Structure formats: C-alpha cells, structure tokens
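Notes for the structure review
Here is how the chains run, residue by residue.
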Amino acid sequence: MPIQILPAMLANQIAAGEVVERPASVVKELVENSLDAGADKIEIEVERGGHKRILIRDNGSGISQHELVLALSRHATSKISSLDDLEQIMSMGFRGEALASISSVSRLTLTSRTAGQEAAWQAYAEGRDMQVQIQPAAHPVGTSVDVQDLFFNTPARRKFLRAEKTEFTHIDEWLRRIALARYDVQFSLRHNGKTVRRYPKINQPDDQRKRVAAILGATFASDALDINSHYESMQLQGYLHANRSGELDVQYFYVNGRVMRDKLIHHAVRQATAEMYGDNHQLAYVMYLRLPPQEVDINVHPAKHEVRFHQARQVHDFIYRAIIDMLQQESCLNSEPAAREMTLPEPNHSYITPIREQSVASYGGASSSATPSAPIRSQSTPAAKASQYQALLQSAGKGYAEMDWMLANGDTLLVTLPEVRQCSAWKLLTMYHQHLIETNELTSQPLLMPLSIGLTDAQWTVAQQNCEQLKQQGVHFLLHEQRLILRQVPAYLRQLDWATAIDALLQAPGDSLPSSLQQARVNISKSLLVPVWHWAQRHFDVQWPAKLRELSKPVHLAEHD
C-alpha cells in the first residue's frame, strides 16, 4: 500500500480514539472549553447516561459567526498561536482537537452568540462527511453544544460503552472534580430530565467548605486540615484529612487548576503517608498545586491527565514536606500534653526564608540594622579588635607552620593566622556560634526534606527534656513514635551530617552545639566553615594568605572538600 495522506474524517476519528473515550470525556472537553470562555454558569444535560444526548450550555464569551466553521476544524484554537504560548499554558484546552474529534463520531450542533452580535448562529456537523451547515438561531450570549448519538458511526466503539448508570456515574464523578477546582462557577447536572446536582457559585473563600461538604460529605469538610505551604514559586493549598478510620475515599489533586493523575505526585503523597501511618494507610485530600506555567509541561497526553515537571525532584520533595508538616501538626495536637510543648510546624511558610527576622548587631556591642544578606561589619575600635584577637589566640595550639590549611588528628581543621600561631577550627566555630546566639543572628533554617532518626529510650528522654535548649541552639525537631523528626538546623551548618550530629547533641545537650560535635568527633568540612573564616576576618582584621583566599571561594570548595 503506497504512502498517502489520510482523509480528514479518518484522521479525526483516530484522534477521537485518544480524546473521546466515553461520554464523560465529551463532558470534560466541552466544559473545559466553557471555562476557557470565561463562563461562570454551566449547565449539563444528559440523556441515557450520555449514550443518546449530551448538552452543555454556558454564559461565556461565545463564538462569532465567521469562526463557527473553523471551530469544528482540527488544530483550530484560540488558546495558543506560537511555541512560546505552548510553553506557558494556563488555559484548560489548547490542542484544538476536541470539537473536531467529537463531531467526527456524533451528530453535533454548535450554537453561539457573542456580545457584539445581534443574533446567534448555529453550526451543524455529522460524522459521515464532516460538512458544516450554518444557520441563524435564537440564543443568549454564550454557547451551547448538543452532542447526539455518540459513536453512531463507529459500532466497534459503541459496543464498548457500559450501562447507562455506569456511564452517568463517570460523568457525575468528573463534575465533582471540576466543581472542586472552580468554586467561582455555578454547575448544574440533569439526567433524563431530572436535576441531579447543583453547585451554586461561591463568592467568598471562607464559604468554599460549603461546596466541599456538599461534594465530599460533612465528615471530611469538618475534620480536614487546611494546608497552605509555599516554597519559592510553588504553592500547595487545600484540605488534608488523616483518614484514620479508612472510610473516606477522597483523593483529588490539581496542578494549576487541572485535575491530575500523575505518578510523581502520587509517590510523594504515598511516601509521606507511609512515613506517618504505614504503607497500607490512605490519606483523604483535596490539594491544589500552583506553579509558573513555564515549570510544567501539559502537552504530554491528549487527555491532559499527566504532566512533566521541569524540576521534578523539587516538586516531589515540596509536596512530601508540606504533607508531613501537616500530619505532624495534627499528631502533636492530638498527643499527650507533654508532647504539645514541642515546636509545631508552620503550615504556611517558606522553606528557605529564615523563620525569624534577624537583628544584626556587631560583635563589639553597637547595633545596626541590615538585611540578612548584608555583610556584618565590626564597629569596634582598632584597640578593641586587637584585644579580641588576642583573646581568640589564647588556648590555641602553639607552634609554627606554613600559612595554609592543615588537618590535625584526622578531624580538626586548622588555619594559620598571620602571626603564624595556630587556632583550631573548633575554637573558631564555638566562638562564631556563641556570637550568633548573643547577637540574635542565629538563623534556624528548615530542611527541604525532614530527617527521621530512630531513638533509644534514653535518647528519647534526653530529647524530651532538652527540646527548648536545643531549639535555642537552632535545632528544631518533633518526637513521634520513638523517632526524632529533624525539621530545622542552623543555616550555616545546613549541609552537616545531621544523622550523626543528633547523636552527639543528645549525648551532651548541655554543651554548645560545636562542643557537642567536637566531643563526638563529627567531621566539619571546609565548605561549612567558610562563613566562620569570613566572620573572623571581619571581626579580627585577619588578612588571609592569597592561597587561603582562593580556597575560600565557593566555586573552588567542591574541588577541595
């Protein structure tokens, strides 16, 4: 058989096999078009489960007379016009296939009127020859799409349709999903002439739970926690229910307002659930993830059920972290009073922005205001600096060495100061940490992925007794079922091996953090000590050798760690 271009009708029917799976698919595509047209009132009428008829009526912007024929053509759309538009899609539809595909397997009537037209116009197309007929009609501003005899010309597809009740159940379920995404739109559903669903428009955000209760039940609506977390340009909002009884079957996830069944999202939710309640537990949730359209690729599947994230790992970890925070909060609120005294996670926070506003003060005691990123300059006199510098050198190791980095006893990093006297990194680190505490500059930074560490009974007791003291050291955690969930650590030590460090802190909780780490022989890499070197340079007028300055540059650190 020679290579040839397929006839338009055959090409449309092939496309319909991907877009139009069943009557619910037709409802989905047409309602999404109504939403893209700006409609805030959408009526759906179905006969015989969608086998016989599907009618969608909206009050959107409408389609002008000269565009009606074009609207029923393949790859004709008003949503995008260039490749740049494809990379930042915010509309529900964009492929330009739905109306052409539906009309190729049904008898379709499209009636529409725009605000600028005095009369409405009607287009009729039938799958056999795809010829579009145009005539005047009576219709208010908006659009109606009447689809009759679905799959009448493709008997093989029609015989795969299920019973009327089953097909209507799929339509009803899809309407529940879209109604939970668009509170600002009124929806109604009629089946065989009887009104089955009516969801009024919600004008106030505080009233959204009324629709949630109407769709998902009063139990979910009254007990679900509000989740509201953000990280950089991503935001996760919605409702989360622990579902300890296992009776709720509610799992709806939206990406930029679009219903999703995505493996990455499902894995993040399952991982968080398994960590808190075990592998066999199921959460109940309605969650909305919003992120810039440039960060997500919608053009993956014709039905648009799947997406690809440009920063997939970051999205996964963000969803996981936000869910874990909320479940831990609920666990703490429902736990014994002693456990409630521990720090609760904040459901609405940034994972990078420091938790507390910093008050920048100089080492010499004179305070000044600056942004967290601004360098901290000492305001003390040269004489005071000299005195501070002498104090720094006291109790430091004696001897002479070349002006370079050295490693002593396998784990203590040394630096030679201009006077060629050695001061251990632990000494500098202890002074730096104490300076941050005294000047209220110690920033506790949340981990993107909380660290779960198993504890012995003795460690559990120590952790309970010293929760507040460790918090002052910049270490924030929760205790849950014989495990310590580490959430925040001092910002300048964020990359430390905290699984090992927690053991050290629980062995000597009364000491300062650097002292505990030193006693447990926890390794501190050069890259973690860069802020310490810069602090010493600012406060003691230390002039580093050229080689040391070169090693201090972050771009070179990875090569030397």
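In this text, all values refer to a predicted model and were calculated from it rather than measured experimentally.

Looking at the overall build of the protein
Helix and strand content of the protein: 21 helices and 21 strands. Within the protein, the fraction of its 561 residues that count as buried is 48%. Looking at the protein alone, contacts between residues at least 24 apart form 67% of all its contacts between residues at least 6 apart.

A closer look at the pattern of salt bridges
The tally for this structure, following the rule as stated, stands at 22 salt bridges. We note a salt bridge from Lys 52 to Asp 149, for which the minimum N-O separation is 3.4 Å. Here Asp 149 lies in the loop between β6 (142-148) and α6 (155-158) and Lys 52 lies in the loop between β1 (41-47) and β2 (53-58), a separation of 97 residues in the sequence. The class for Lys 52 is partly exposed, based on a relative accessible area of 32%. Two residues, Asp 207 and Lys 210, come together in a salt bridge whose shortest N-O distance is 3.9 Å. Taken together, the shared-partner salt bridges in this structure form one network comprising Lys 41, Glu 43, Glu 45 and Arg 57.

Looking at the sheet that holds strand β11 (residues 251-255)
On the basis of which strands lie adjacent, the open sheet formed by five strands has the order β9-β10-β13-β11-β12 and mixed pairing. Strands with a single pairing partner mark the edges of an open sheet, and in this sheet they are β9 (225-231) and β12 (258-259). Taken together, the seven bridges between strand β10 (residues 234-241) and strand β13 (residues 284-290) define a ladder with antiparallel strand orientation. Following the sheet pairing, Gln 237 is matched in β13 by Tyr 288. Where helix α8 (residues 208-216) meets the sheet, its contacts fall on β9, β10, β11 and β13, and the angle it forms with β10 comes to roughly 50°.

Let's talk about the nonpolar core
Counting 60 residues, the largest nonpolar core has Leu 180, Phe 187, Phe 220 and Val 286 as the members making the most contacts within it. By residue number, the principal contributor to this core is helix α7 (residues 164-181), which donates eight residues. If you count residues domain by domain, this core takes at least three from each of domain 1 (8-81 + 91-198) and domain 2 (204-331). Beyond its immediate sequence surroundings of up to four residues, Phe 220 is in contact with Val 212, Tyr 239, His 241, Leu 248, Val 250, Ala 284, Tyr 285 and Val 286.

Thoughts on the pairing of β6
Taken across its seven residues, β6 has six buried, putting it largely inside the fold. Note that β2 and β6 share six bridges and pair antiparallel. Residue pairing for β6: Asp 58 is matched across the bridge by Thr 143. Examined bridge by bridge, strand β3 (residues 107-113) and β6 share seven bridges and lie antiparallel to one another. Across the sheet, Thr 109 pairs through a bridge with Asp 146, a residue of β6.

Let's talk about the packing of helix α2 (residues 23-36) against α7
Relative to each other, α2 and α7 sit at 30°, their axes nearing to 8 Å. In terms of orientation, α2 lies roughly parallel with respect to α7. At the point where α2 passes α7, the crossing takes the right-handed sense. Residues Pro 23, Ala 24, Val 27, Lys 28, Val 31, Glu 32 and Leu 35 of α2 form the contact with α7, whose own contacting residues are Glu 167, His 170, Ile 171, Trp 174 and Ile 178. Grouping the amino acids of the contact of α2 with α7 by side-chain chemistry returns eight nonpolar, one polar and three charged.

Thoughts on the side chain of Asn 243
If you trace the backbone, Asn 243 turns up in the loop between β10 and β11. Judged by its relative accessible area of 2%, Asn 243 is buried. Engagement of the side chain of Asn 243 in a polar contact is seen with the backbone nitrogen of Glu 247, the distance being 3.4 Å. If we ignore the near neighbours within four places in the chain, the residues touching Asn 243 are Leu 248, His 281, Gln 282, Leu 283 and Ala 284.

Concerning α2
The end-to-end C-alpha separation of α2 is 20 Å, in line with the 20 Å expected for 14 residues at 1.5 Å each. Among the 14 residues of α2, 12 are classified as buried, and the element is accordingly described as predominantly covered. For α2, the full list of buried residues reads Pro 23, Ala 24, Ser 25, Val 26, Val 27, Lys 28, Glu 29, Leu 30, Val 31, Glu 32, Ser 34 and Leu 35. Residue Gly 38 follows α2 closely and has a positive phi angle near 85°.

Focus: the packing of aromatic side chains
By the definition in use, this model includes two aromatic pairs. Ring geometry for Tyr 183 versus Tyr 288: centroids 6.5 Å apart, planes at 65°, classification edge-to-face. Taken together, the positions of Tyr 183 in the loop between α7 and β7 (186-191) and Tyr 288 in strand β13 put the pair 105 residues apart, joining distant regions of the chain. A residue is classified by how much of its surface remains accessible, and Tyr 183, at 7% relative accessible area, is buried. Under the relative-accessibility criterion, Tyr 288 is labelled buried at 10%. Ring plane angle 20° and centroid distance 5.0 Å describe the contact between Tyr 254 and Tyr 288, whose orientation is recorded as stacked.

Comments concerning the pairing of β3
Burial analysis of β3 places five of its seven residues in the buried class, the great majority of the element. Pairing of β3 with strand β4 (residues 120-126) involves six bridges; the strand directions are antiparallel. Along β4, the bridge assignment pairs Leu 110 with Ala 123.

Let's talk about the sheet that holds strand β19 (residues 444-454)
Strand order in the open sheet formed by three strands is β19-β21-β20, with antiparallel pairing between adjacent strands. Only two strands of the sheet have a single neighbouring strand rather than two, namely β19 and β20 (476-480). Averaged over all neighbouring strand pairs, the angle between strand axes comes to 15°, with direction disregarded. Across seven bridges, the pairing between β19 and strand β21 (residues 483-490) is antiparallel. Opposite Leu 451, over in β21, you have Leu 486 as the bridge partner. Against the sheet, helix α15 (residues 457-465) touches β19, β20 and β21, its axis set at about 130° to β20.

Parameters at a glance
Counting restarts for each chain, with residues numbered from 1 along the sequence as it is written. Local features in this predicted model are restricted to residues whose pLDDT is 70 or higher, and side-chain atom pairs enter the listing and the counts only when it is 80 or higher, whereas totals over whole chains, interfaces and linings include all residues. As a rule here, side-chain values come from all non-hydrogen atoms in the structure, and water together with hydrogens is ignored. The secondary structure listing takes helices from DSSP runs of H or I that are at least 4 residues long and strands from runs of E that are at least 2 residues long, numbered from the N terminus. Exposure is judged per residue with a 1.4 Å probe applied to protein chains only, and the accessible area is read against the type maximum: over 50% gives exposed, under 20% gives buried, and values in between give partly exposed. Residues count as neighbours in contact if any of their non-hydrogen atoms are within 4.5 Å of one another. Each salt bridge in this description consists of a side-chain nitrogen of Lys or Arg and a carboxyl oxygen of Asp or Glu lying within 4 Å of one another. For two strands to be treated as a pair, DSSP must find no fewer than two bridges joining them. Note on definitions: angles span 0 to 180 degrees between N-to-C directions of axes, and those axes are lines fitted to C-alpha atoms, for helices only across the stretch in contact. We call a set of buried Ala, Val, Leu, Ile, Met, Phe, Trp, Tyr and Cys residues a nonpolar core when their side-chain atoms join them within 4.5 Å. Domain extents, as shown, originate in an automatic or database domain assignment. What sets the label is the angle itself: under 35 degrees gives roughly parallel, over 145 gives roughly antiparallel, 65 to 115 gives roughly perpendicular, and the rest give oblique. Crossing handedness is read from the near helix: turned anticlockwise from the far helix by less than a right angle, it gives a left-handed crossing, and turned clockwise, a right-handed one. For this classification, the nonpolar set comprises Ala, Val, Leu, Ile, Met, Phe, Trp, Tyr, Cys and Pro, the charged set comprises Asp, Glu, Lys and Arg, and every other residue, Gly included, is treated as polar. Within 3.5 Å is the distance limit for a polar contact, defined as a pair of N or O atoms, with the added protein rule that one can donate a hydrogen and the other accept it, and that residues adjacent in sequence qualify only through two side-chain atoms. Multiplying 1.5 Å by the helix residue count minus one yields the expected span of that helix. Two aromatic rings, drawn from Phe, Tyr or Trp (for Trp, its six-membered ring), form a pair once their centres lie within 6.5 Å of each other, and the interplanar angle then sorts them: stacked below 30 degrees, edge-to-face above 60, tilted otherwise.

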